[in-house]
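Here's the letter readout for the chains.
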Amino acid sequence: MKTSTRVLMGPGPSDVHPRVLRAMATPLVGHLDPEFLVVMDDIKLMVQETLQTKNELTFVVSAPGSAGMETCLVNLLEPGDESVICINGVFGNRMADIVERCGAKVIKVEADWGKTIDPEDVKKALASCNPKLLAIVHAETSTGVLQPLEEISKLTKNAGALFVVDAVTSYCGTHLKVDEWGVDALYSGSQKCLSAPPGLSPVTFSQAAIDVLDNRKTKVQSWFLDLTLVKNYWAGAKRAYHHTAPISAMYAMREALRIVLEEGLEKRFARHQKNHELLRDGLESLGFEFLVEKQHRLPMLNAVRIPAGVNDAEVRKRLLEEYNIEIGGGLGPFAGKIWRIGLMGESSNANHVNMLLAALKDVM
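Keep in mind that this is a model prediction, so the values were computed, not measured. (Residues numbered from 1 in each chain as written. Predicted model: local features only at pLDDT ≥ 70, side-chain atom pairs only at ≥ 80, totals over all residues. Heavy atoms only, no water.)

Let's talk about the packing of helix α5 (residues 119-127) against helix α6 (residues 150-158)
Point 1. Closest axis-to-axis distance for the α5/α6 pair is 10 Å, and the angle between their directions is 15 degrees. In terms of orientation, α5 and α6 fall into the roughly parallel class. Relative to α6, α5 is oriented so that their crossing is right-handed. Where α5 approaches α6, its residues Pro119, Val122, Lys123 and Leu126 are matched on the opposing element by Glu151, Ile152, Leu155 and Thr156.
Point 2. Residue composition of the contact of α5 with α6, grouped by class: five nonpolar, one polar and two charged. (Axes fitted to C-alpha atoms, helices over the stretch in contact; angles between N-to-C directions. Helix = DSSP H or I, 4+ residues; strand = E, 2+ residues; numbered from the N terminus. Parallel < 35°, antiparallel > 145°, perpendicular 65-115°, else oblique. Left-handed = near helix turned anticlockwise from the far one by under 90°. Contact = heavy atoms within 4.5 Å. Nonpolar A, V, L, I, M, F, W, Y, C, P; charged D, E, K, R; others polar.)

Focus: the sheet that holds strand β5 (residues 131-137)
Point 1. Across the sheet, seven strands lie side by side as β2-β10-β9-β8-β5-β3-β4; this open sheet has mixed pairing. Either end of the sheet is taken by a strand with one partner, and the two such strands are β2 (57-61) and β4 (105-110). Going across the sheet, the axis of each strand differs from the next one's by a mean of 15 degrees, ignoring polarity.
Point 2. Direction of pairing for strand β8 (residues 162-166) relative to strand β9 (residues 185-187): parallel, over a ladder of three bridges. Within β9, the residue paired with Val165 across the bridge is Leu186.
Point 3. In the packing of helix α4 (residues 90-101) onto the sheet, the strands contacted are β3 (82-87), β4, β5, β8 and β9, and the crossing angle to β3 comes to about 160 degrees.
Point 4. Contacts from α6 reach β5 and β8 within the one sheet, and its direction differs from that of β8 by about 145 degrees. (Pairing = 2+ DSSP bridges.)

Here we look at the pattern of salt bridges
Point 1. Under the criterion given, the structure shown has 17 salt bridges.
Point 2. Lys44 is paired through a salt bridge with Glu56; the nearest N and O atoms lie 2.7 Å apart. A residue pair is termed long-range when its members are at least 10 positions apart, and Lys44 in helix α2 (residues 34-51) and Glu56 in the loop between α2 and β2 qualify at 12 residues.
Point 3. Take Glu56: its relative accessible area is 58%, and that puts it in the exposed class.
Point 4. Residues Arg268 and Glu263 are paired through a salt bridge, measuring 2.8 Å at the closest nitrogen-oxygen approach.
Point 5. Overall, the relative accessible area of 1% leaves Arg268 in the buried class.
Point 6. For Glu263, a relative accessible area of 24% translates into the label partly exposed.
Point 7. Through salt bridges that share partners, Arg19, Glu255, Arg258 and Glu262 make up one connected network. (Salt bridge = Lys/Arg side-chain N within 4 Å of Asp/Glu carboxyl O. Buried < 20%, exposed > 50% of the residue type's maximum accessible area, 1.4 Å probe, protein only.)

Concerning helix α3 (residues 65-76)
Residue pairs three or four apart in sequence face the same way in an α-helix, which turns once every 3.6 residues.
Point 1. For α3, which comprises 12 residues, the first-to-last C-alpha distance of 17 Å matches the rise-based estimate of 16 Å (1.5 Å per residue) to within 8%.
Point 2. Most of α3 sits inside the fold, with 10 of its 12 residues counted as buried.
Point 3. Residues of α3 that are buried include every one of Gly65, Ala67, Gly68, Met69, Thr71, Cys72, Leu73, Val74, Asn75 and Leu76, and no others. (Expected span 1.5 Å × (residues − 1).)

Here we look at unusual backbone geometry
Point 1. With omega at 5 degrees, the peptide bond leading from Gly12 into Pro13 counts as cis.
Point 2. Tracing the sequence through the fold places Pro13 in the loop between β1 (7-8) and α1 (18-24).
Point 3. In this structure, Gln52 is a non-glycine residue whose phi angle is positive, near 55 degrees.
Point 4. Its place among the elements puts Gln52 in the loop between α2 and β2.
Point 5. Judged by its relative accessible area of 31%, Gln52 falls in the partly exposed class.

Here it is in structure tokens:
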């Protein structure tokens, strides 16, 4: 097998550090081997640190971020529960779909794609029902919107509901303070700003969320994602067999987390912002306009409008074939209208930005 060496500047995955690739080549041990249990403990502690939480139930789901989404929702919801779901892009819609599959009722709070959710709309929706939880996307990958969370968290708590957050794209790329912001359940992914291979989903649950889980009247919809079973697999030395963990992927996750903490969270966040600004200035000099207002733009996922007369598919094809650069196209109503340019983790550096700008000048 021979694949090209790409410059990954799309919505994910991102480039992976050579140390992470080397970690994946570490010889396998059994998934209940005492040495692997140490790896799992290391991962748990580092996920807690990077999420800025002391939640005991913090671990990594052995599947991608979409499975992390399902883990949070299927464990906390039962048939007949009412849930407020905030939708301003693809992934809010996906949450609503999962909630309906749980047999729960969805109360939607919607905003135009490219805009943030309005706290006043959230307040009205929470008052209109008896909400079990409210779920919202922190970093909407389909549009490049960074959603402020603190005010909506307070509204959710005042309504007696759990606050659930999608942090797939924001994790390890911008501020994410689980305990300080009152987040009760959160999921992310390994392949974006963490810069590990795809296939794992860090999650965390507050004590309030655990209490809801412990008081369920029905079985969790999914056997594989049932936290009443999975949490025992991450219970330190007393852990019980649940499934065979993806050992090589866990090695990679551990090394990627070590790299994040070696850099330092604040420095890492500043790096993402600095490279976003470098890209912004360069794109605007070429005549590009951003989709999202300045104060709500994601630093790691830049959504820009395709200039008039520019062929979306043709430009992206030439970038890939002639420069080995991958960028993402638009989704849903923005298909063919925007590009999504990722500056995530190892892909967030000035060299990548300058290569892309030079390539765009040529192909356009």
